[in-house]
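If you want the building blocks of each chain, they are given just below.
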Amino acid sequence: MKILITGAQGQLGSSLATTLTPLGTLFAFGRAELDLANMPSALRTLERIQPDLIINAAAYTAVDRAEVEMELAYQVNAEAPMLLAQYCSHHACALIHYSTDYVFNGQKDSAYTEEDEPDPINVYGRTKRQGEVGILESGCPAFIFRTSWVYSLTGRNFLTTMQQLGATRDELRIVNDQWGSPTWTYSLARATFAIIDSLAQQPSLLKAIDQHRGIYHMSNQQLTTWYDFARAIFALAPTTARVTGIPSSQYPTPAQRPAMSGLNNQKLKDHFDISLANWHDALQECLQNT
Ligand SMILES: NC(=O)c1ccc[n+]([C@@H]2O[C@H](COP(=O)([O-])OP(=O)(O)OC[C@H]3O[C@@H](n4cnc5c(N)ncnc54)[C@H](OP(=O)(O)O)[C@@H]3O)[C@@H](O)[C@H]2O)c1
């Protein structure tokens, strides 16, 4: 099986590139090899390689910058996934795409299910939702895995930011009224591996993906706040900085964030018998690797 991964130098993309190796021949492409802002060239690359499966881990992920770079965010998060899906519809190729908890407005008081109506409150969330719709409307065999609060030991994310600030600041003031589930890239990569591996046992992977096509929530389990996530990080990797919880109103950002963006993963369990680890266990395993 030929698997093409986009965004292979991103946090999730690089975890996928390491984890999925046993599944077949991997083409792990960063932006230099496959640029989603230059789709004519990207589509020529696909025609040359003829992958059986495209895993789109590339995205415009700068949530605050997206408020001003709307066009680029739209191109990468909305238009490109739609064109990848259209490519798959016209070739014997399936698509795995990742989306975000930020498609929701955050007003619910419990974790969101796939049945809940998206209502993004920032540009990033809107472009990611447009990407989902473009894929669903293409009718191609595709999984859209919505995830949340992604981190790893590399790249710019909450964990690496806390590690850096914890080493240089005396005090850290962290938002304590946004709820979600921190998700380790290797939890996502392992779950993605397990799903492909089990469906690849069937006579046609393409048909197997088509039978289950749609959106699935995929995150580490249990909810927390950014403040408690920070405290958990520093309990495992101590800092001398004082860590204080603050309301979002004291930390204004260009893009609004949903107050609640937990994802209910029951559908993933029902279809594939897969549950990701509790977020705290995943964090512990991640930090043990340092
Ligand atoms: N990060 C989160 O907290 C979070 C939360 C929920 C969902 N997600 C979703 O999870 C997926 C993986 O995100 P991540 O956290 O791994 O993000 P990431 O670390 O920012 O990686 C995204 C990758 O996409 C690449 N990229 C950006 N523009 C591109 C383009 N025009 N062509 C090709 N590649 C391009 C980036 O390359 P450069 O480094 O060159 O820019 C980067 O390597 C995304 O779909 C994201 O929306 C992320």
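Just so we're clear, the structure is a prediction, and the values are computed from it rather than from any experiment.

About the thresholds
Residues numbered from 1 in each chain as written. Predicted model: local features only at pLDDT ≥ 70, side-chain atom pairs only at ≥ 80, totals over all residues. Heavy atoms only, no water. Helix = DSSP H or I, 4+ residues; strand = E, 2+ residues; numbered from the N terminus. Rg over C-alpha atoms; globule rule 2.2 N^0.38 Å. Buried < 20%, exposed > 50% of the residue type's maximum accessible area, 1.4 Å probe, protein only. Contact = heavy atoms within 4.5 Å. Lys, Arg positive; Asp, Glu negative; His and termini not counted. Charge placed at Lys NZ, Arg CZ, Asp CG, Glu CD. Core = buried A, V, L, I, M, F, W, Y, C linked by side-chain atoms within 4.5 Å. Near = heavy atom within 4 Å. Polar contact = N/O pair within 3.5 Å; in protein donor to acceptor, adjacent residues only side chain to side chain. Areas by Shrake-Rupley, 256 points an atom, 1.4 Å probe, with all protein chains shown as cover. Phe/Tyr/Trp six-rings, centres within 6.5 Å; stacked < 30°, edge-to-face > 60°. Lys NZ or Arg CZ within 6 Å of the ring centre and 35° of its normal. Salt bridge = Lys/Arg side-chain N within 4 Å of Asp/Glu carboxyl O.

What follows covers the overall build of the chain. A tally of helices and strands in the chain yields 10 helices and 12 strands. Relative to the 2.2 N^0.38 estimate, which gives 19 Å for 290 residues, the radius of gyration of the chain is 19 Å and therefore close to what a compact globule would have. C-alpha atoms of the chain, sized along the principal axes, occupy 55 × 40 × 35 Å. Here the chain holds 290 residues, and 51% of them are scored as buried. Look at the contacts in the chain between residues 6 or more apart in sequence, and 80% of them connect residues 24 or more apart. When the 21 basic and 28 acidic side-chain charges of the chain are each reduced to a single mean position, those positions are 4 Å apart.

Moving on, we get to helix H8 (residues 226–236). Think of an α-helix as 3.6 residues a turn; residues three or four steps apart then line up on the same face. Trp226, Tyr227, Phe229, Ala230, Ala232, Ile233 and Phe234 are the residues of H8 that are buried. Its buried side turned inward, H8 meets strand S6 (150–151), helix H5 (158–168), strand S7 (171–175), strand S11 (224–225), strand S12 (242–246) and helix H10 (279–288).

Counting residues in hydrophobic clusters, the biggest one holds 55 residues, and the most contacted among them are Leu95, Met162 and Leu283. At the level of elements, helix H2 (39–49), helix H3 (70–89), helix H4 (123–138), strand S5 (142–147), H5, S7, H8 and H10 are the ones that each hand at least two residues to this core. Not counting chain neighbours up to four residues away, the residues in contact with Met162 comprise Leu172, Ile174, Ala230, Ile233 and Phe234. Core analysis: the second largest hydrophobic core is formed by 30 residues, Ala8, Leu53, Ile196 and Leu199 among them.

The residue Ile246 is located in strand S12 in this model. According to the relative accessible area criterion, Ile246 is buried, its value standing at 4%. C-alpha of Ile246 to C-alpha of Arg173: the two residues are 73 residues apart in sequence and 6.2 Å apart in space. The contact partners of Ile246, leaving out residues within four places of it in the chain, are Arg173, Ile174, Val175, Asn176, Asp177 and Tyr251.

Time to look at the site of the ligand. Around the ligand, a shell composed of 24 residues is seen, among which Arg31, Leu36, Thr61, Tyr124 and Lys128 lie nearest. Arg31 has a polar side-chain atom sitting 2.6 Å from an oxygen atom of the ligand. Residue Thr61 places a side-chain N or O atom 2.6 Å away from an oxygen atom belonging to the ligand. Burial of the ligand by the surrounding chains reaches 80%, relative to a free accessible area of 900 Å².

It is worth spelling out the packing of aromatic side chains at this point. With the rule as written, the count across this model stands at 16 aromatic pairs. Centre to centre, the rings of Tyr98 and Phe145 are 5.9 Å apart; their planes meet at 50°, and the pair counts as tilted. With a gap of 47 residues between them, Tyr98 in strand S4 (residues 94–100) and Phe145 in strand S5 connect regions that are remote in the sequence. For the pair shown, Tyr98 and Phe145 are each scored as buried. Aromatic pair Phe158 and Phe229: ring centres 5.1 Å apart, planes at 20°, arrangement stacked. With Phe158 in helix H5 and Phe229 in helix H8, this pair connects stretches of sequence that are 71 residues apart. On the basis of relative accessible area, Phe229 is assigned to the buried category, the value being 0%. Put simply, the rings of Trp149, Tyr151, Phe158, Trp226, Phe229 and Trp279 pair up and form one aromatic cluster. The residue whose ring lies beneath Lys267 is Tyr216, and the NZ or CZ to ring-centre distance is 4.4 Å.

Here Arg146 is to be found in strand S5. The buried category is assigned to Arg146, whose relative accessible area is 1%. Note: C-alpha distance between Arg146 and Ser99 (47 residues apart in sequence) is 4.3 Å. At 2.9 Å, the side chain of Arg146 forms a polar contact with the side chain of His217.

Quick look at the pattern of salt bridges now. Tallying each qualifying case throughout the model produces 10 salt bridges. Residues Glu132 and Arg146 are paired through a salt bridge, measuring 2.7 Å at the closest nitrogen-oxygen approach. You can see Glu132 sitting in helix H4 and its partner Arg146 sitting in strand S5, a full 14 residues away along the chain. Among the residues examined, Glu132 registers a relative accessible area of 0% and is labelled buried. The salt bridge involving Glu285 is made with Arg190; its shortest N-O contact spans 2.8 Å. With a gap of 95 residues between them, Glu285 in helix H10 and Arg190 in helix H6 (residues 185–199) connect regions that are remote in the sequence. By relative accessible area, which is 40% here, Arg190 ends up partly exposed. Within this structure, Arg129, Glu132 and Arg146 form a network of salt bridges that share partners.

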